[in-house]
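Inside the fold
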Amino acid sequence: MLVLLLGAGLYLTLGLAFLPQRKLFYGFRLMVGGRKVAAGHEGEITPFQALTTALSATIGTGNIAGVATAIFLGGPGAVFWMWLTALVGMATKYAEAVLAVRYRETDANGRYVGGPMYYIRNGLGRRWAWLGWLFALFATIAAFGIGNTVQSNSVAQALEGTVGIPTLATGLVLAALTFMVIIGGVKRIGSVAEHLVPLMAVLYIISALTILGVNYADVPAALSLIFTDAFTGTAAAGGFAGAGVMAAIRFGVARGVFSNEAGLGSAPIAHAAAKTNDPVRQGCVAMLGTFIDTILVCTMTALVILTTGAWTSGQTGAELSALAFDTGLPGGDWIVTIGLVVFAFTTILGWSYYGERAAQFIFGPKVVLPFRLLWVVGVVVGAVGNLGLIWTVADIMNALMAIPNLIALIALSGTVFAVSRTYFKSLPEK
C-alpha cells in the first residue's frame, strides 16, 4: 500500500510538472481569500471551511503520537522520508479535490455531495459504479474505527491517566459535544472547524517554536541528523535501539501517508462541498492540507523531540512527545495532552461527515439521521472499550479505501492535467 500511495503521488507530481510545489504561495492566497465567497460560486461551505474540515480529520493523534513512533522505530532519518511523502502527497491531494469538485452532484435535498465514489461513477462511467460502491463501504466502516472509536479512546485514556477522569464520563461529555456539532451537518462542522483547527494548530506550533527558540543552538544539529540518518541509518543511543535505512524509509513513509491521508480518498469528500466556480481553485487550497499537516505540524513535533534529546529516552508514542515538550517547556506535557484531546475531537467531527457521505452513497439521504445518532453512540463505546480488534479492522479498511481511489486517480489523471493546464493558461500572471 505504501508503494502504491507513494507511486501514485510521484506519478501525479511529475504529470503536473511539480504544479503543487510551484503554486504553493498561490494556494495560500486562495486560502486567505477563501474565507469569503464570490457571487456565482456554488456549494455548501466556504473554501477555507472545506480546508479546515479536511484538516480537522487529518490533524490528530498521528501528528503527536505518530511522529514520535516513527522516530522511535525508524530514527531521526524517518522525518526526511515523512517530508518526501508530504511533497508528493500534495499532488495527490490536489488531484483528489479537482476531481471531487468536477464530478460532484446535488442530492435530493439540494446538498452538494462528492468524493471518490462520485468521481469513480461519473468520471469512469456507470460500469465502474461498483468500484465507487466498494470505496463507500470501506469508508463507512473505517470511519467508525479510525475516525471515531479510536479517537474517543485516546482522549479517555489520556484524561484518565493525567487527571483521573473516568473513561465513561469522558465518553459521555465527548458524545454530547459531538452531537451538538454534527446534528447541524457540514455547515456547522465547517463553522466549528474554521475556528478550532487554526487556533489549536497555531497554539501547538507556537509552543513548539518557543521550545526550539530556547534550544536554537541544537536545531542545526537536529536537521543534520535528519538528513544524514535518512541515508545512513541511526546508531543506538541511550534508550534508542538503533535503526537501519530501510526502517527509516518504512516508518517515515507510513507515518507521513497516514498522517496527511493523501491518497486515502477522505479529504475530497469535504472539498466537494466547497463554494467554488472552478475545481482547480479548490485543488490549490486542498493541497495545503498536506503541507500544513506534515511539513508544519509534524515537523514541529519532530524537532522538539530531537532538540530536547528525548528521542533517546526509550519512550515512544504520545509519552515520548509529552516528555519532549515537558523537557523543553515547564508544563509542556499539558500542551500535548490538550492537543491530543482537541485534535481527536476535531477528527471525530471531520470523519463523521466522511462516513455520513459514504453511507448516503449506499443507502440514500434517509440514512443521514440514523448515522449521526449511531456515530454519537460509537463515541461512548470507544471511550470505554478495548480497541485492539477495532484498530486492526480500521487499519485494514483504511488501506482498502485507498485502492479504488488510487485506481480512479490514475485513470482520471489526464482530466486533472488538462483542466490544470487550461486554468493556469488563463492566469499567466499567476
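A separate point is the overall build of the protein. Helix and strand counts for the protein come out as 19 helices and 2 strands. A compact globule built from 430 residues should have a C-alpha radius of gyration of about 22 Å, and the protein, at 21 Å, falls within 12% of that. Taken over the C-alpha atoms alone, the protein extends approximately 60 × 50 × 35 Å along its principal axes. Counting every position in the protein, which comprises 430 residues, the buried fraction comes to 60%.

Next up on the list: helix H6 (residues 77-102). Each α-helix turn comprises 3.6 residues. Residues three or four places apart therefore point the same way. Over its 26 residues, H6 runs 39 Å from end to end, which matches the ideal 38 Å to within 8%, given 1.5 Å per residue. Bending of H6 peaks at approximately 30° at the position of valine 88. Extensive coverage of H6 is indicated by the burial of 23 of its 26 residues.

Let us now look at the nonpolar core. Of all hydrophobic cores here, the largest spans 96 residues; its most connected members are Ile71, Tyr94, Tyr119, Cys284, Phe325 and Phe424. Examining the composition of this core, we find that 16 residues originate from one element, helix H14 (residues 279-307), more than from any other. Beyond its immediate chain neighbours, meaning those up to four positions away, phenylalanine 424 contacts Leu19, Lys23, Tyr26, Tyr94, Val280 and Cys284. The next biggest cluster of nonpolar side chains, apart from the first, holds 46 residues, and it includes Ile45, Val113, Ala136 and Val376.

Assignment of secondary structure puts asparagine 215 in the loop between helix H10 (185-214) and helix H11 (219-232). Apart from the residues within four sequence positions on either side, asparagine 215 is in contact with Thr307 and Thr308.

Evaluated as defined, the whole model comprises 18 aromatic pairs. Measuring from ring centre to ring centre gives 6.1 Å for tyrosine 11 and phenylalanine 417, while their planes differ by 55°; the resulting arrangement is tilted. Placement of the pair is tyrosine 11 in helix H1 (residues 2-15) and phenylalanine 417 in helix H19 (residues 413-425), with a sequence separation of 406 residues. Here tyrosine 204 and phenylalanine 343 contribute two aromatic rings whose centre-to-centre distance is 5.9 Å and whose plane-to-plane angle is 70°, an arrangement assigned as edge-to-face. Here tyrosine 204 is found in helix H10, whereas its partner phenylalanine 343 is found in helix H16 (residues 332-363), with 139 residues between them in sequence. Taken individually, tyrosine 204 and phenylalanine 343 each receive the classification buried, so the pair is uniform in this respect. Through a chain of ring-to-ring contacts, the aromatic side chains of Phe80, Trp81, Trp83, Phe227 and Phe231 assemble into a single cluster. Directly above the aromatic system of tyrosine 103 lies the positively charged group of arginine 102, at a separation of 5.8 Å from the ring centroid.

With that out of the way, let us pick up a nonpolar patch on the surface. On the surface, a nonpolar cluster with roughly 590 Å² of combined accessible area is contributed by Val173, Leu177, Phe179, Met180, Ile183, Leu369 and Leu373. Those elements giving two or more residues to the nonpolar patch turn out to be helix H9 (167-182) and helix H17 (368-384). The leading source of residues in the nonpolar patch is H9, at 4 residues. One can find isoleucine 183 in the loop between H9 and H10.

In the structure shown here, the tally under the stated rule is 4 salt bridges. The residue arginine 121 makes a salt bridge to glutamate 105 at a minimum N-O spacing of 2.7 Å. Of this pair, arginine 121 sits in helix H7 (residues 116-124) while glutamate 105 sits in strand E1 (residues 105-106), and the two are 16 residues apart along the sequence. Judged by relative accessible area, glutamate 105 falls into the partly exposed class, the value being 24%. Among the ionic pairs, glutamate 356 bridges to arginine 372, the shortest N-O distance being 2.8 Å. Taken as a pair, glutamate 356 in helix H16 and arginine 372 in helix H17 lie far apart in primary sequence, 16 residues in all. On the basis of relative accessibility, which here comes to 4%, the residue glutamate 356 falls in the buried class. Residues joined by salt bridges that share partners form a network here, namely Glu356, Arg357 and Arg372.

Let us now look at H17. When the terminal C-alpha atoms of H17 are compared, their 25 Å separation across 17 residues agrees well with the 24 Å that a helix rising 1.5 Å per residue should span. Those residues of H17 that sit buried are Val368, Phe371, Arg372, Trp375, Val376, Gly378, Val379, Gly382 and Ala383. Here the buried residues of H17 occupy an arc of 155° about the axis, which is enough to place them on one side. The inward-facing, buried residues of H17 abut helix H8 (129-163), H9, H10 and H16.

All right, on to unusual backbone geometry then. One non-glycine residue, alanine 17, lies in positive phi territory at about 55°. Phi angles above zero are rare outside glycine, and glutamate 261 is one such case at about 60°. For glutamate 261, a relative accessible area of 7% translates into the label buried.

Moving on to the environment of valine 67. With respect to the element layout, valine 67 can be found in helix H5 (residues 61-74). Look at valine 67 and you get buried, because its relative accessible area is 1%. For valine 67 and glycine 89, which are 22 residues apart along the polypeptide, the C-alpha to C-alpha distance reads 17 Å. If near-sequence neighbours (up to four positions away) are discounted, valine 67 is found in contact with Gly62, Met82, Cys298, Thr301 and Ala302.

Relative to the helices and strands, valine 98 is located in helix H6. Looking at valine 98, the relative accessible area reads 0%, which means it is buried. Expressed as a C-alpha distance, the spacing of valine 98 and serine 352, which sit 254 residues apart in the sequence, is 22 Å. Non-local contacts of valine 98, meaning those with residues more than four positions away in its chain, are made with Pro279, Val280, Gly283 and Val419.

Quick notes on the rules
Residues numbered from 1 in each chain as written. Predicted model: local features only at pLDDT ≥ 70, side-chain atom pairs only at ≥ 80, totals over all residues. Heavy atoms only, no water. Helix = DSSP H or I, 4+ residues; strand = E, 2+ residues; numbered from the N terminus. Rg over C-alpha atoms; globule rule 2.2 N^0.38 Å. Buried < 20%, exposed > 50% of the residue type's maximum accessible area, 1.4 Å probe, protein only. Expected span 1.5 Å × (residues − 1). Bend = angle between axes of the 7 residues up to and from the residue. Core = buried A, V, L, I, M, F, W, Y, C linked by side-chain atoms within 4.5 Å. Contact = heavy atoms within 4.5 Å. Phe/Tyr/Trp six-rings, centres within 6.5 Å; stacked < 30°, edge-to-face > 60°. Lys NZ or Arg CZ within 6 Å of the ring centre and 35° of its normal. Patch = residues over 30% accessible without salt bridge, like charges linked within 9 Å, V, L, I, M, F, W, Y side chains within 5 Å. Areas by Shrake-Rupley, 256 points an atom, 1.4 Å probe, with all protein chains shown as cover. Salt bridge = Lys/Arg side-chain N within 4 Å of Asp/Glu carboxyl O. Arc of directions from axis to C-beta.

None of the figures reported here should be taken as evidence of function without further support.
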